[in-house]
Amino acid sequence: TYTHWLMKSEPESRFENGIDVKFGIEDLKDCEDQTACWDGVRNYQARNFMRDQMKIGQKAYFYHSNCKEPGIAGICKIVKESYPDHTQFDKKDPHYDSKAKKDNPTWYMVDVKFVRMMKRFIPLSELKKLHLEHKQHGGPLKDVALFTRARLSVQPLTEVICCLVHGLDENVVHINLRNGLVRGYSPYISFIQPPKDIPGKGCNKQVVLKIDFSGKYRGAKFLLVYGEPPKFWTLDVSDSPAGDGYGGDNGTTSNMAEIQIHNKQLKIYGNDLPGHMDASSNGGLLIKTIDGFVKRGSKAKIDISDERVEWRSRTHKDYLESKFLFTLAGQKPTYGIRDDYVYVGLNRVVAGTFRNGSGLCEVEISLYTYEETEGIQNQDKTGTKANKQKPPPYEKKRTPDVGMRRGAQEE
């Protein structure tokens, strides 16, 4: 039995028998009580899903169909279970069915209520890319009806697929380092080394990933869950693909900054830009040391953005601003490479397995925009500033103007 759905509709005007069948998500919002009937479905399997399985309170993703940019635009919920579709009896309606009888209806519909727009429009092209990856390597989208039954306008979704779509909406990736399960997705987070089995039991799987800051996102939040005692290197966040712990990257780039958790200790290393010695705490690259930051049972948070790091655990809360931290606004290095990525090692350092650890059991990574970054920075003014340079303003990306139609021309 399914409890989650995808329902297709058309966002752009299309006329049948002189009647515009357009019904967008904005149209649903404009309806009385933001509620409307989902009429016009003329496929037997789609009808059966609505008639036999849809229940009050269940959620459905509202999907753009038969338009310039198909994709998921919003969420609605079922507020009335199936009853006869009146359009089958209306000779003037494009969905009239001359064979349907009022005493024995053929077609049924449900009522849906607007819940919310997606936080970002999820295009079909992105879903298709994931579908192809899952077909090749395994994953919940490999057999999803959106691609295996593409013309079906009402489709069931598993809870696993809904978790994945939720991750797409939130730009959140959750990694379990005990069993290797990855939930959620962001096109700006990619795996260099997916969860890798390591001999032994417990939270010891190793991961390397990179975060792309060339788009609208300007910050990343890390939620770290330690279900076991932290041992050796459990977190390494580096401005360089060659980050190997202790702030080193074998001279790859002057823009190399690094955060590491080694045993219970959090250390923040600065880059090698001119003047970095002014921020040093040890005559080298080390800027800050936080003892006893994590232990078994800890839930810790680390936020990084341009030239800023914030950290929080049960016993520690602070932030640091310095031009010698992560350079996410296109700053040019004095030597070596410049890219738009930050690299992350989980239960190991980025550069290799020669420095590794265990005890970090779960990690959740979420991204936020430049405007959200400013809001976060304004929440807490108790931290340390050191040669802070304000990053340049970034142009806001407009969210696509979206809508949908009932009775999508797909059956």
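Scoring rules and cut-offs
- Residues numbered from 1 in each chain as written.
- Predicted model: local features only at pLDDT ≥ 70, side-chain atom pairs only at ≥ 80, totals over all residues.
- Heavy atoms only, no water.
- UniProt positions renumbered as here; feature names shortened; annotations may be inferred.
- Helix = DSSP H or I, 4+ residues; strand = E, 2+ residues; numbered from the N terminus.
- Expected span 1.5 Å × (residues − 1).
- Buried < 20%, exposed > 50% of the residue type's maximum accessible area, 1.4 Å probe, protein only.
- Arc of directions from axis to C-beta.
- Contact = heavy atoms within 4.5 Å.
- Polar contact = N/O pair within 3.5 Å; in protein donor to acceptor, adjacent residues only side chain to side chain.
- Pairing = 2+ DSSP bridges.
- Axes fitted to C-alpha atoms, helices over the stretch in contact; angles between N-to-C directions.
- Disulfide = S-S within 2.5 Å.
- Salt bridge = Lys/Arg side-chain N within 4 Å of Asp/Glu carboxyl O.
- pLDDT = per-residue confidence, 0-100.
- 1 Å grid on protein atoms, 1.4 Å probe; cavity = no way out; pocket = protein on both sides within 12 Å on 5 of 7 lines; lining within 4 Å.
- Points joined across faces, edges and corners; volume = space filled by probe spheres on them.
- Nonpolar A, V, L, I, M, F, W, Y, C, P; charged D, E, K, R; others polar.

Going by an unreviewed UniProt entry, the chain carries the name Thymocyte nuclear protein 1 and comes from Pinctada imbricata. Reading the Subcellular location (unreviewed entry) entry of the UniProt record for the chain gives the comment "Nucleus". For the record of the chain, the UniProt heading Function (unreviewed entry) holds the text "Specifically binds 5-hydroxymethylcytosine (5hmC), suggesting that it acts as a specific reader of 5hmC."

(A) Region of interest: helix α5 (residues 159-170). Taking 1.5 Å of rise per residue, the twelve residues of α5 would be expected to cover 16 Å, and the 16 Å separating its terminal C-alpha atoms lies within 8% of that figure. The complete set of buried residues in α5 reads I161, C162, L164, V165, G167, L168 and D169.

(B) Focus on helix α2 (residues 44-53). Those residues of α2 that fall on the buried side of the exposure criterion are A46, R47, F49 and M50. On an axial view of α2, the arc spanned by its buried residues comes to 155°, and they lie on one face. For α2, the secondary structure elements touched by its buried residues are β1 (4-9), β6 (71-84), β7 (108-123) and β8 (154-157). One side-chain oxygen at the N-terminal end of α2 lies 3.0 Å from the backbone nitrogen of Q45; it belongs to N43.

(C) Layout of the sheet that holds strand β5 (residues 59-64). Spatial ordering of the open sheet is given by β4-β7-β6-β5-β1-β8, a layout of six strands whose pairing is mixed. Taken across any chain shown, the strands that pair with only one partner, and hence form the sheet edges, are β4 (35-37) and β8. The mean inter-strand angle of the sheet, taken between neighbouring strand axes irrespective of direction, is 35°. Pairing analysis gives six bridges linking β5 to β6, with the strands arranged antiparallel. Bridge pairing links A60 to C76 in β6. Docked against the sheet, α5 engages β1, β5, β6, β7 and β8, running at close to 45° with respect to β7.

(D) Main features of the state of the cysteines. Tallied over the entire structure, the rule returns one disulfide. One disulfide in the model links C203 with C361; its S-S distance is 2.0 Å. Negative torsions about the S-S bond denote left-handed disulfides, and the value of about 95° found for C203 with C361 makes this one right-handed. Remark: C361 occurs in strand β21 (residues 357-369) and C203 occurs in the loop between β11 (189-196) and β12 (206-212); sequence separation between them is 158 residues. A single burial state applies to C203 and to C361, both of which are buried.

(E) Region of the structure containing the pattern of salt bridges. For the coordinates displayed, the defined rule picks out eleven salt bridges. One salt-bridge network, held together by shared partners, links E10, R14 and E16.

(F) Structural detail: the confidence of the model for the chain. In the predicted model, the chain carries a mean pLDDT of 86, and 90% of its residues have values of at least 70. Below pLDDT 50 for its whole length, residues 386-405 participates in 65 contacts with residues either more than four positions away or in separate chains. Within the model, the stretch residues 407-411 combines pLDDT values under 50 with 24 contacts to residues more than four positions away or in other chains.

(G) Summary view of the side chain of Q155. Tracing the chain through its elements places Q155 in strand β8. Within polar-contact distance, the side chain of Q155 engages the backbone oxygen of L152 at 2.7 Å. Look past the residues within four positions of Q155 in its chain and what remains in contact with it is H4, W5, L6, K8, A145, L146, R149 and A150.

(H) Summary view of the layout of surface pockets. The space that makes up the largest pocket amounts to roughly 880 Å³. For the largest pocket, the lining is made up of 29 residues, of which L130, E133, H134, V182 and F191 are closest to its centre. Among the elements of the structure, α3 (124-137), α5, β10 (182-184), β11 and β12 are those that each provide at least two residues to the lining of the largest pocket. In terms of residue class, the lining of the largest pocket is built from 16 nonpolar, eight polar and five charged.

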